[in-house]
Amino acid sequence: MRLSPQSFTLRRSMNAPLVHPPTADAVPSSEGVTPVMAQFLAAKASQPDAIVFFRMGDFYELFFKDAEIASAALGITLTKRGKHQGQDIPMAGVPVHALDGYLARLIRQGFKAAICEQLEAPAEARKRGSKAVVHRDIVRVVTPGTLTEDSLLDARGANRLAAVSVRKGRAAVAVVELSAGSVDAVACSLEDLGATLASFRPSEVLVPDRLFSDEGTKAALDGSGGVVQALPQALAEPVGARARVERLYGVASLDGFGAFEEAEVSALGLVAAYLETTQAGKIPALSPPRRSGDSGFLAIDPATRLSLEIDRTQRGEREGSLLACIDRTVTSGGARALAERIARPLRDPAAINHGLDAVEWLLERRDLRRDLRDGLRASSDVARAVSRLVLGRGGPRDLAAIRTGLSIAEGIAGRFPPERDPLAGPPARIVACLDRMTLSPELGRLLVDLAEGLVAEPPHLARDGGFVAAGYRPELEEARRLRDDSRRVVADLEARAVAEAGVPFKVRHNAVLGYFLETSAKSAEPLLRPSGDSPFIHRQTLANQVRFTTVELSELDAKISQAGHRALAIEGETFETWRIAVQSLARPLQAVAEALAELDAHAALAEWAEEVGGVRPAIDDTTCFEITAGRHPVVEAAVKAQGDPYTPNDCRLDGAGAGCARLSIVTGPNMAGKSTFLRQNALLVVLAQAGAFVPARAMRLGVVDRLFSRVGAGDDLARGRSTFMTEMVETAAILTQATDRSFVVLDEIGRGTATYDGLAIAWAVAEALHDRNRARTLFATHYHELAGLETRLAHVCNLSMAAREWNGDLVFLHEARPGAADRSYGVQVAKLAGVPAAVVSRAREVLDRLEGEKAAAISLDDLPLFAVSEPATPPPSSAVEDALQAIEPDELSPREALETLYRLKGLGRR
């Protein structure tokens with residue numbers, strides 16, 4: 001977990017005390033400062049925990065502590081400007097055109113930035129007086145979870161803001177992707193909070209400050225990976241939270257969105273409050289909250305995600321992960337949809353099979369899939385374009401993105417006949433996508449307007465103009481003609497003036513008179529004689545020239561000077577008309593974007609399945625797990641890239657113990673492939689329940705509710721945990737949370753301590769998983785004594801990774817075979833690793849001596865290790881403990897809390 005540098009003192013230890021954000025009292029006093037500095041201090045007082053970027057002409061300036069922080073974080077020059085209370089005012093600045101780059105660097109470091117813009121032109125300010133200051137105000141607050149600009153976002157990754165709440169023993173996570181408009185609300189048990197939060201991989205997490213005293217919540221936040229922002233507990237109170245969410249959506253009641261739990265409303269209310277603050281009153285275009293309980297998705301805790309490298313490697317990189325390996329999407333929206341699918345696999349067999357139906361249908365139609373992907377490849381990110389336009393941050397290119405997306409959606413939907421055969425036609429998920437891509441009359445009109453009125457390659461900013469197509473608005477054409485053809489228009493007028501007056505006029509221009517007709521003093525004499533019907537009006541006489549004007553020339557002067565402004569104003573008006581149209585159609589546009597993304601994800605999975613020879617897994621409600629010739633998708637891709645073959649392996653488990661074992665003990669030497677075998681089978685579960693084909697000859701899977709992986713060693717020094725302690729904490733989580741529908745892979749449990757201690761722990765853990773949790777388990781170990789569990793427990797079998805010695809060298813076969821390994825080949829692996837020959841030779845001597853000694857102090861066969869000890873009966877709870885458990889602190893008024901304390905004190909005396 002990363003704490004916001006502004007909200008907290010940045011600590012790496014979760015046990016560090018919470019430091020609340022600075023208040024307005026920490027902002028420098030505005031007494032005796034200039035009007036501009038008073039403006040800055042007012043902006044800073046409104047956002048004391050953000051770095052304020054204060055617009056001054058072509059630069060954003062930073063002052064006081066903000067300047068010092070930004071200088072250190074961004075490497076920009078720190079200078080000073082003026083004095084405040086006798087002290088120099090630190091100052092730094094960045095050019096307006098380079099703001100996005102600097103913001104990106106600040107946001108990556110966990111800072112918040114408040115953008116204080118000039119809201120009027122200097123000319124407007126001067127109308128109020130020569131000393132008037134340009135009006136400025138905060139227009140938005142930029143935080144890690146509220147980014148919308150393409151320059152600040154990863155096009156293929158979601159950027160989410162999450163909020164956590166706990167009410168009456170239930171937890172909830174609300175998640176909004178502001179850049180795409182999607183909203184999720186998930187209610188879950190307290191023990192599932194970490195897995196739920198990690199599944200969304202938020203960039204920023206909002207938490208009521210009261211929850212920081214809870215160790216379980218701290219652990220969940222620690223695994224989220226996002227910057228944590230503390231908010232006042234009052235913002236999480238359900239009544240106020242509900243009102244804010246209703247205001248956000250513009251509805252009188254949330255009942256139309258579903259029956260939300262109190263914790264869900266509380267979490268959604270935190271998000272609404274944060275958006276109100278950071279978006280400076282602008283209401284984003286958000287889809288109704290998608291409510292999904294904790295039973296809808298495969299629970300994968302943060303440690304397991306890290307171990308299996310599902311969407312990021314253990315180095316934090318996308319490349320090398322499962323997601324990067326299978327990603328064949330051709331659109332940014334499709335990449336995000338696929339990432340969500342892999343991060344949150346489903347648990348319902350019917351829903352999983354609907355996804356598999358879509359992939360299979362596209363896999364069988366290669367030509368259609370190729371045409372579909374070619375069409376999608378030209379698509380744009382409609383969802384993010386809509387979000388920017390609604391928030392007032394979009395430009396003409398976002399309109400072009402919507403035009404392109406609508407056009408492609410219309411074209412794809414048109415490829416399929418409106419009357420679809422329910423038997424031979426597309427499956428339900430494909431049909432649903434096509435239905436959402438069929439444009440309504442309103443969307444059709446918007447597409448026509450943008451196709452006719454928007455140029456093919458519009459500029460980035462609306463203020464630059466030049467994005468409205470020629471001929472779309474006649475008054476714009478007139479303004480443009482006058483602006484662009486002013487020389488020709490002036491030349492025509494000059495010729496007509498010369499012909500009418502018979503005088504050699506030249507049209508000139510200066511800043512005082514504007515356009516005027518100029519001739520020599522001698523030539524001007526006839527025009528200076530009094531004449532009531534002459535159109536030429538005398539303006540100025542110089543030593544050798546005389547200047548005239550006409551009514552037509554005066555009008556032309558005004559038109560030419562205003563033409564450029566008029567053209568920009570008409571284009572601005574046109575842009576705003578289109579922007580309002582997009583805002584009114586935000587939800588149907590988001591539906592089109594979601595359909596394009598989902599279709600891309602289905603097609604990408606079909607493309608990958610064809611590449612790797614994947615097979616459709618059979619998904620059901622049993623507790624079986626059967627893999628024939630399964631392959632690790634990431635390792636296979638790496639091995640084949642080097643030109644080497646990959647050795648597939650079978651695996652069979654059954655939670656019920658019918659026909660095969662529930663728990664397999666996997667032995668074999670290091671480097672033989674035990675960890676790969678374990679991870680391979682866990683990843684096949686992820687792929688299957690994500691609705692993807694799997695790299696295997698066949699697979700049958702009874703849906704898994706929770707996936708656990710403890711593979712690989714690592715310490716947690718920030719929390720004071722050794723490698724062994726970290727291993728034990730993760731093992732404890734597995735033993736307390738795994739069920740008879742879970743899938744568990746464990747690698748070398750107990751290796752971080754003394755031999756007999758480690759063996760005893762590994763043995764006891766294996767027994768517990770077999771007898772109590774009854775979870776399908778792969779248990780890799782170098783404690784060969786555990787092989788004896790096969791004869792002692794009812795549903796245990798042994799597997800070993802095959803290896804052979806050849807001419808003194810060890811050859812790994814990477815095959816999982818029935819039976820236990822006869823030895824670990826540790827000395828041979830040391831030789832392969834390059835350990836000096838003398839050390840290897842000495843190790844062989846010591847090993848031979850140890851293996852020859854039979855003087856064990858106690859025989860393992862004599863231990864009753866097959867008997868699972870019964871846990872001690874906990875003592876009965878006291879009356880005080882029962883009363884404490886029944887208290888809901890958030891529901892008590894101050895008077896009720898005092899009465900409760902007296903009641904508890906009375907119970908303690910009995």
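Further up the page is the structure itself.
Residues numbered from 1 in each chain as written. Predicted model: local features only at pLDDT ≥ 70, side-chain atom pairs only at ≥ 80, totals over all residues. Heavy atoms only, no water.

Visitor: What's the story with unusual backbone geometry in this structure? I'm lost.
Guide: Notably, Lys168 is not glycine yet its phi reads approximately 50 degrees, a positive angle. Mapped onto the elements of the fold, Lys168 is located in the loop between β8 (161–167) and β9 (170–177). Judged by its relative accessible area of 48%, Lys168 falls in the partly exposed class. Of note in this structure, Glu748 is not a glycine but carries a positive phi near 55 degrees. Relative to the helices and strands, Glu748 resides in the loop between β25 (743–747) and α26 (755–773). (Helix = DSSP H or I, 4+ residues; strand = E, 2+ residues; numbered from the N terminus. Buried < 20%, exposed > 50% of the residue type's maximum accessible area, 1.4 Å probe, protein only.)

Visitor: Is there a simple way to explain helix α21 (residues 551–584) in this structure?
Guide: Because each turn of an α-helix spans 3.6 residues, side chains separated by three or four positions end up pointing in the same direction. Between its first and last C-alpha atoms α21 spans 46 Å; for 34 residues at 1.5 Å apiece the expected length is 50 Å, and the two agree. Maximal helix bending in α21 amounts to about 45 degrees, located at Ala563. (Expected span 1.5 Å × (residues − 1). Bend = angle between axes of the 7 residues up to and from the residue.)

Visitor: It is not clear to me how the pattern of salt bridges should be interpreted in this structure. Could you clarify?
Guide: Pairing between side chains of opposite charge can happen when their charged atoms approach one another. Enumeration over the complete set of coordinates arrives at 59 salt bridges. Two residues, Glu518 and Arg508, come together in a salt bridge whose shortest N-O distance is 3.5 Å. Taken together, the positions of Glu518 in strand β16 (residues 514–520) and Arg508 in strand β15 (residues 506–510) put the pair ten residues apart, joining distant regions of the chain. Residue Arg579 pairs with Glu576 through a salt bridge whose shortest N-O separation is 3.0 Å. In this pair, Arg579 and Glu576 both sit in helix α21, three residues apart, roughly one turn of the helix. Each of Arg366, Arg369, Arg373, Glu607 and Glu610 takes part in salt bridges that share partners, so that together they form one network. (Salt bridge = Lys/Arg side-chain N within 4 Å of Asp/Glu carboxyl O.)

Visitor: Explain the packing of aromatic side chains here, please?
Guide: Centre distance and the angle of the planes are the two values used to describe a pair of aromatic rings. Under the definition given, this model contains eleven aromatic pairs. With a centroid separation of 5.0 Å and an interplanar angle of 75 degrees, the aromatic rings of Phe40 and Phe63 are classed as edge-to-face. Remark: Phe63 occurs in strand β3 (residues 59–63) and Phe40 occurs in helix α1 (residues 35–46); sequence separation between them is 23 residues. In this structure, Phe40 and Phe63 share a single accessibility class: buried. Relative to Phe257, the ring of Tyr249 lies with its centre 5.1 Å away and its plane at 65 degrees, an arrangement referred to as edge-to-face. (Phe/Tyr/Trp six-rings, centres within 6.5 Å; stacked < 30°, edge-to-face > 60°.)

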